[in-house]
Amino acid sequence: VEVLHLCFSLNLTLIYLIFSSSTAPPTVRIIHSGHACNVEEERYTERVYTIREGETLELACLVSGHPRPQIRWTKTAGSASDRFQDSSVFNETLRITRIQRLQGGRYYCKAENGLGSPAIKSIRVDVYYLDDPIVTVHQSIGEAKEQFYYERTVFLRCMANSNPPVRYSWRRGQEFLSQGSDKGVEIYEPFFTQGETKILKLKNLRPQDYANYSCIASVRNVCGITNKNVLFKLSNKTASPTIKLLVEDPIVVNPGQTVTLVCVTSGGDPTPTLTWVHSADELPKKSVLNGGTLTLPAISIEEAGVYSCVASNNVGNPAKKSTTIVVRGLKKGRFWITPDPYHNDDNIQIGREVKISCQVEATPPEELLFSWLKNGRPLRSSERMVITHTDPEVQPGTTNLDIIDLKFTDFGTYTCVAVLKNGGIPEISIDVNISSTTVPPELTVPRDKSPLVVQEGDTVELQCLVSGKPKPIILWSRADKEVPMPDGGLQTESYDGALRIVNVSREMTGTYRCATSQYNGFNVKPREALVELTVQYPPAVEPLFTEIRQGLGRAFTLNCRMLRAHPSKVLKYEWKLGTRLLTIGQLDQRDETDYHVRALNREGYGEYTCEVTNEAGAGACRFLVTGRAYAPEFYYDTYSALWQNRPRVYGFKLQWTQQNPLSVDRIVAYRLGIKQTGQSRWWEQEIPMEGAIAKGELITHNLTELIKPEAYLVRLTPITRFGEGDSTDRTIRYSAPVNPHLKFQCSFEDEAVCMFTQDKRDDFDWTRHSAATRDTKYTPNTGPSSDRVGSKQGFYMYIETSRPRLEGEKARLLTPTFNVAPKSPYGTVTSSPTYCFGFYYHMYGKHIGALNAYLRQKGQSGADSSVWTLVGNQGDRWKQAKVNIHPTASFQLVLEGIRGPGIEGDIAIDDVTIEEGECKDPPHNNLRSLSPPTAHHICQFLVTLTLVFVGHQR
């Protein structure tokens, strides 16, 4: 009774699954092409794709599910600097030509169609490479006892970048060296660089140690990467490099001159190579490098700096010598006036001291010379006119003129002149006027300039009126000193007191500070003033645009929401349909407005606009209300969609569902357009629809008279009372079924598994595996230890019966579709041909369920025909099964594995064959179990009957 109750519940579940909606969540599988060296299956289903650097990586993401899933490739791991095409690719095929080592890492294919969780598969791409090895030589000389002789030891270090890790070997002349082969030789790896270097130590050099040494780097020919080697000649002349610079240091030149730097080697064996480097960055683009000579034509101030000559011959440390190029120049002349350094007075007064300061940036600073003029005549230092150039309290490059006990006769124009003593650079002169009218600065803001209210996008000018003589520079900044100015800096200079902002934005609202600078003005406490800026902007609303699809006679509501605005107190709104005003109002306490349509009529279709306005302008929500039907979604997972009609034509079962069919009026028909790819002419017909279409309902239309082997573009457009809806396209391609005239054989070594497919209506899938990667600790005492021919690297298909699998669950594997070979010249089958179906099976474990084989034929709507079955433990060995089959139409073979009562029930198959003709010497076909039937076997039999019944009902 318990068995029958369990089977009854299971049968109801099966019936529900068979008659459920045609929608299906996505599944995904990654296959590879291109130039893979190897594809491995690691533990926990991680797949590793190995490829050689510079080859083409090509990964295809095969998906199923309805609606058609969207596919996205993403990448993680690898180098942080690798940006993998903005991190994602929306395409079924990921292709990277000339792949580089930094592009290795884990690649994910993600498929989603809104049903259930997205399907994600990953594959790790391992890029293999081997760079040329480099040998560096280091020498050490140690004193022996009593200093009678010196011991000279040489270290030869070999390094090469690679993946996988490199293996090194050394050769002296034609002799391979190994640890212990020569007492004077040691070979070892430093502890801190394990696997990255290999050091050859030559102790107390002997005459035979002077020879040619070769370091061979190898990655064991993986991916076809050949060994690489480097040769180093060791002699009694071997020495690290030494160099000389044939230039002065520093080199002082004028802008525009040509500078030539010469570096020569003075020692070193092998002959060192010379190169030049610049301290700031790369060498200037216009520089010319010829051996050890570097030429810098028309040098500029930006190209000044330290230039270093580096010599290297891989012996010892590189030699390096540097020189500094100084480009002469003067810039940034400024002055300021200190009215009275002792009385803290801001005014210039007769009888008190006045200090005039002048500052210039000079290169080199030691060449800077100052002179002073009064009213155009030279001025020399005296007791009352003190000129100083080395004031420790001011910055370098500054000169001061102190006027002691100012008199009326001291009023006039004072000029500070700066030159470089070797000439060639234009002088800088700065005029300062000292007179009775010289007054300290004052800052004011015009009445109408603060607060200042403008609209976003305008050009605005903030104004500070500055008085005083001489007029100082004005420095503008934000009152909050950490907030940047519109140009991005923290301060902006102004010579007329105005700050001009073009295309002002809302972020620029705030308080601005204008302040006097001590430069070009009085060296007194800075004057400052504040200007308030308010930027008005129109309302920002959402949604900006929304399409709403509705059927006639239905009610709906449109909502427009205000996000932000300035000013935000007085907001008006207007609802319009086209140009027709619908309603107006004002947003007082609310920030949104609705418009209700109680019953949509034909005049109600169109664009609705809600404008929300303030003093600065308007923001608009737009809604397009239409009766257009949504696009249909083609069903790509149709079983046996393509069939053979006649020798020259074929047919295709086109299936689709309608996206959101209830959102608009009833779909009365579909317009079907079809054209041959590469042609311009379309053929069209209408497919009438009777009654309303339910969501998820699968619609079928058979396409016939398609010419082999042409492909066709199909376009489907729904039609309602409103008119035509959105169209969708797909391409139909002809693929001829396999016809086993001679023999079909599959050992599952290829990842495409010979076009075998998983049944969409079973409980779980068959898994491709090899014994080398299978985790036997997880499911002990079950499953094969090798493939059928005894190879642990070979692949086979098996069912994994560990949790969460349950007793009685089924996994079905389908062969490709085979044509029945016609015996008649007219293409008809005159009699049932015979084929031999064979395979090897492995059924080991105390919980083994059942393995069944069925024949599935085209055009036969009934259940699949059972051709072979076996139940129970058959021992830890591969056995062969053969059976004759007699199809009358195109056919497939179905291999069904059924989970037994426990986890020790893995079933495997390998080497499947289909051959025309009867089986020769078929093995004994055991149709009985090795033990009496259990409750599980009875349940299995009842479930099979249920499937047969349901198949007939459908």
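Residues numbered from 1 in each chain as written. Predicted model: local features only at pLDDT ≥ 70, side-chain atom pairs only at ≥ 80, totals over all residues. Heavy atoms only, no water.

Just so we agree on the cut-off: UniProt positions are given in the numbering used here, feature names are shortened, and annotations may be inferred rather than shown by experiment.
The protein chain goes by MAM domain containing glycosylphosphatidylinositol anchor 2 in an unreviewed UniProt entry, where it is assigned to Oncorhynchus mykiss. The Subcellular location (unreviewed entry) comment attached to the protein chain in UniProt states, word for word, "Cell membrane".

### Considering the overall build of the protein chain
Short version of the rule: The way it works is that DSSP assigns letters per residue, a run of H or I at least four long becomes a helix, a run of E at least two long becomes a strand, and they are numbered from the N terminus. We call two residues contacting when some pair of their heavy atoms lies within 4.5 Å. Surface accessibility in these figures is a Shrake-Rupley result with a 1.4 Å probe; residues are shielded only by whichever protein chains are displayed.
When helices and strands are counted, the protein chain shows two helices and 71 strands. Pairs at least 24 residues apart make up 70% of the contacts formed inside the protein chain by residues separated by at least 6 positions. Within the structure as shown, the protein chain displays about 50200 Å² of accessible surface, and the carbon and sulfur contribution to it stands at 50%.

### Concerning the pattern of salt bridges
As a reminder, the rule being used: We count a salt bridge whenever a side-chain nitrogen from Lys or Arg sits within 4 Å of a carboxyl oxygen from Asp or Glu. Burial here depends on accessible area, computed with a 1.4 Å probe over protein chains only, as a share of the maximum for the residue type. Under 20% is buried, over 50% is exposed, and the range in between is partly exposed.
Considering all chains together, one arrives at 38 salt bridges under this definition. Put simply, Arg506 and Glu456 hold a salt bridge, and the shortest N to O gap is 2.8 Å. Of this pair, Arg506 sits in the loop between β41 (498-501) and β42 (510-516) while Glu456 sits in the loop between β36 (452-455) and β37 (460-463), and the two are 50 residues apart along the sequence. Look at Arg506 and you get partly exposed, because its relative accessible area is 25%. In this structure, Arg812 and Glu896 form a salt bridge, with 3.0 Å as the shortest nitrogen-oxygen distance.

### A word on the side chain of Glu367
This is how the line gets drawn: Under the rule applied, a polar contact is a pair of N or O atoms within 3.5 Å (in protein, one hydrogen donor and one hydrogen acceptor; residues adjacent in sequence only if both atoms are side-chain atoms).
Note on placement: Glu367 falls in the loop between β28 (354-363) and β29 (368-374). Residue classification places Glu367 among the buried positions, given a relative accessible area of 6%. At 2.7 Å, the side chain of Glu367 forms a polar contact with the side chain of Arg328. Once residues within four sequence positions are removed from consideration, Glu367 is found in contact with Val252, Arg328, Val419, Leu420, Lys421 and Asn422.

### Let's talk about the sheet that holds strand β27 (residues 329-338)
Filter applied, for reference: What makes two strands pair is DSSP finding at least two bridges between them.
Spatial strand order, β31-β32-β28-β27-β43: five strands in an open sheet with mixed pairing. Every interior strand has two partners, whereas the edge strands, β31 (385-388) and β43 (521-522), have only one. When β27 meets β28, the two strands line up antiparallel, connected through eight bridges. If you follow Lys331 over to β28, its bridge partner there is Glu361.

### Description of the nonpolar core
Here is the rule: Put simply, buried Ala, Val, Leu, Ile, Met, Phe, Trp, Tyr and Cys residues joined by side-chain atoms within 4.5 Å make one nonpolar core.
Core analysis: the largest hydrophobic core is formed by 35 residues, its most contacted members being Phe748, Phe837, Phe839, Leu851, Trp868 and Ile909. For this core, the element with the most residues is strand β66 (residues 835-843), which contributes five residues. Beyond its immediate stretch of four places on either side in the chain, Ile909 contacts Phe748, Trp766, Tyr796, Met797, Leu813, Phe839, Tyr840, Tyr841, Leu851, Trp878 and Leu895. Residues Ile348, Ile387, Leu401 and Ile425 belong to the second largest nonpolar core, which totals 30 residues.

### Details of the sheet that holds strand β23 (residues 288-290)
Stated formally: Comment: axis = line fitted to C-alpha atoms, over the contacting stretch for helices; angle = value between 0 and 180 degrees taken between N-to-C directions.
Pairing is antiparallel in the open sheet, where four strands are placed in the order β19-β21-β24-β23. Each edge of the sheet is formed by a strand with only one pairing partner; in this case those strands are β19 (239-245) and β23. Within the sheet, the average angular offset between the axes of one strand and its neighbour, ignoring direction, is 20°. Alignment of β19 against strand β21 (residues 259-269), held across five bridges, turns out to be antiparallel. Its bridge partner lying in β21, Ala239 is registered against Asp269.

### Describing the packing of aromatic side chains
Note the threshold: The criterion for an aromatic pair is that two Phe, Tyr or Trp rings (for Trp, the six-membered ring) have centres within 6.5 Å, with stacked assigned to planes under 30 degrees apart, edge-to-face to planes over 60 apart and tilted to the rest. Criterion for a charge above a ring: Arg CZ or Lys NZ at most 6 Å from the ring centre, at most 35 degrees from the ring normal.
Within the structure shown, the criterion is met by 18 aromatic pairs. Here the aromatic rings of Tyr796 and Tyr798 are separated by 6.2 Å at their centres, their planes lie at 70°, and the arrangement is edge-to-face. Put simply, the rings of Phe744, Phe748, Phe756, Phe818, Tyr835 and Phe891 pair up and form one aromatic cluster. Arg68 extends its terminal NZ or CZ atom over the ring of Tyr636, reaching a point 4.1 Å from the ring centre. For Arg788, the ring lying beneath its charged end belongs to Tyr840, and the centroid distance is 4.3 Å.

### Examining the side chain of Ser357
The residue Ser357 is located in strand β28 in this model. Engagement of the side chain of Ser357 in a polar contact is seen with the side chain of Asn400, the distance being 2.8 Å. In contact with Ser357, not counting residues within four places along its chain, are Arg334, Phe335, Trp336, Thr399 and Asn400.

### Section: the state of the cysteines
Definition in use: We call a pair of cysteine sulfur atoms a disulfide when they lie within 2.5 Å.
Scanning the model with the defined rule gives eight disulfides in all. Cys263 shares a disulfide with Cys309; S-S distance 2.1 Å. Sign of the S-S torsion, about -75° for the bond between Cys263 and Cys309, identifies this disulfide as left-handed. Here Cys309 lies in strand β25 (residues 305-312) and Cys263 lies in strand β21, a separation of 46 residues in the sequence. Across the pair, exposure class does not vary: Cys263 and Cys309 are buried alike. The disulfide bridge from Cys836 ends at Cys919, spanning 2.0 Å between sulfur atoms. Disulfide Cys836 to Cys919: torsion about the S-S bond roughly 105°, handedness right-handed.

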